[in-house]
Amino acid sequence: MSKNLKAASLAAAIALAMGSTTAWGATAPTATQLPGKGKVVAGTVSAGTIAAGEQTINITGNAVINWGASGATINTAQPGGFNVGSAAKLHFAGSDTNPAVLNIDSSGNPSQIMGAIDTTGASGATNTSIFVANSNGIIVGKGASINAGSGKLGLIANKG
């Protein structure tokens, strides 16, 4: 079993043990919802148009995006936070060797990953590392798919 599958399976088991997203006090994302109200804190990022709940986020070098932030410039019509609905697909593509993107959810609610996240976006890069940080927790649904290719994946939910 791959590391990505083990991490997703563990997170899904924990979320299922909690009963549902309402046990966390969060409303489930709509089926085609993507991360919203993103502000680039470091690096260079361009976000493609959302078409039927699918979007590619292009990263140059390493980047940090604060989702749910004031002064946002990415996906301002979406609800704030790092959420991926059950029918949504979020692709990360990097033009540099081994790029990484840290996604910080500052919405005050748990991040909910119910759909697909991958690093096989428009540029074909498969070595982009994806990190999601949320002090309110991260819920990975049983139908979620997270593929970091040959990159790394980190889900950080520390109340520290």
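Residues numbered from 1 in each chain as written. Predicted model: local features only at pLDDT ≥ 70, side-chain atom pairs only at ≥ 80, totals over all residues. Heavy atoms only, no water.

Draft legend 1. Molecular detail of the overall build of the protein chain. A tally of helices and strands in the protein chain yields 1 helix and 11 strands. For the protein chain, the α and β elements follow one another from N to C terminus as α-β-β-β-β-β-β-β-β-β-β-β. Going through the 160 residues of the protein chain one by one, you find that 46% of them count as buried. Sequence separation of at least 24 residues holds for 75% of the intrachain contacts in the protein chain that already meet a minimum separation of 6. By element, 54% of the accessible surface of the protein chain is carried by carbon and sulfur atoms, the whole surface being about 7400 Å². (Helix = DSSP H or I, 4+ residues; strand = E, 2+ residues; numbered from the N terminus. Buried < 20%, exposed > 50% of the residue type's maximum accessible area, 1.4 Å probe, protein only. Contact = heavy atoms within 4.5 Å. Areas by Shrake-Rupley, 256 points an atom, 1.4 Å probe, with all protein chains shown as cover.)

Draft legend 2. Expanded view of the environment of G108. Relative to the assigned elements, G108 resides in the loop between β5 (100-105) and β6 (111-113). Taking the C-alpha atoms as reference, G108 lies 8.4 Å from N134; in sequence the two are 26 residues apart.

Draft legend 3. Structural context of the confidence of the model for the protein chain. For the protein chain, the mean per-residue pLDDT works out to 79, and 76% of the residues sit at or above 70. The secondary structure element of the protein chain with the lowest average pLDDT is helix α1 (residues 3-17), at 51, and the one with the highest is β6, at 95. Across residues 13-23, where pLDDT falls below 50, the model places 10 contacts with residues more than four positions away in sequence or in other chains. (pLDDT = per-residue confidence, 0-100.)

Draft legend 4. Representation of the nonpolar core. Membership of the largest hydrophobic core comes to 22 residues, with the highest contact counts inside it found for I57, I65, F82, L90, F92, I113 and I117. Elements represented by at least two residues in this core include exactly β2 (54-67), β4 (89-94), β8 (129-133) and β9 (138-140). If one sorts the elements of this core by residue count, β2 sits on top with 5 residues. Apart from the residues lying within four places of it in its own chain, the contact partners of L90 are L34, P35, Q55, I57, F82, V84, A116, I117 and D118. (Core = buried A, V, L, I, M, F, W, Y, C linked by side-chain atoms within 4.5 Å.)

Draft legend 5. Region of the structure containing the environment of G81. One can find G81 in the loop between β2 and β3 (83-84). Classification of G81 as buried rests on a relative accessible area of 0%. Spatially, the C-alpha atoms of G81 and N134 are 9.3 Å apart, while their sequence positions differ by 53 residues. In this view, G81 contacts P35, G36, W67, G68, D105 and S107; residues no more than four positions away in its chain are not counted.

Draft legend 6. Region of interest: the sheet that holds β3. The strand order across the open sheet built from 3 strands is β3-β6-β9, with neighbouring strands paired in parallel fashion. Strand pairing shows two members of the sheet lacking a second neighbour, β3 and β9, which therefore form its edges. As judged from the 2 bridges shared by β3 and β6, these two strands associate in the parallel manner. Bridge pairing in β6 links N83 to Q112. (Pairing = 2+ DSSP bridges.)

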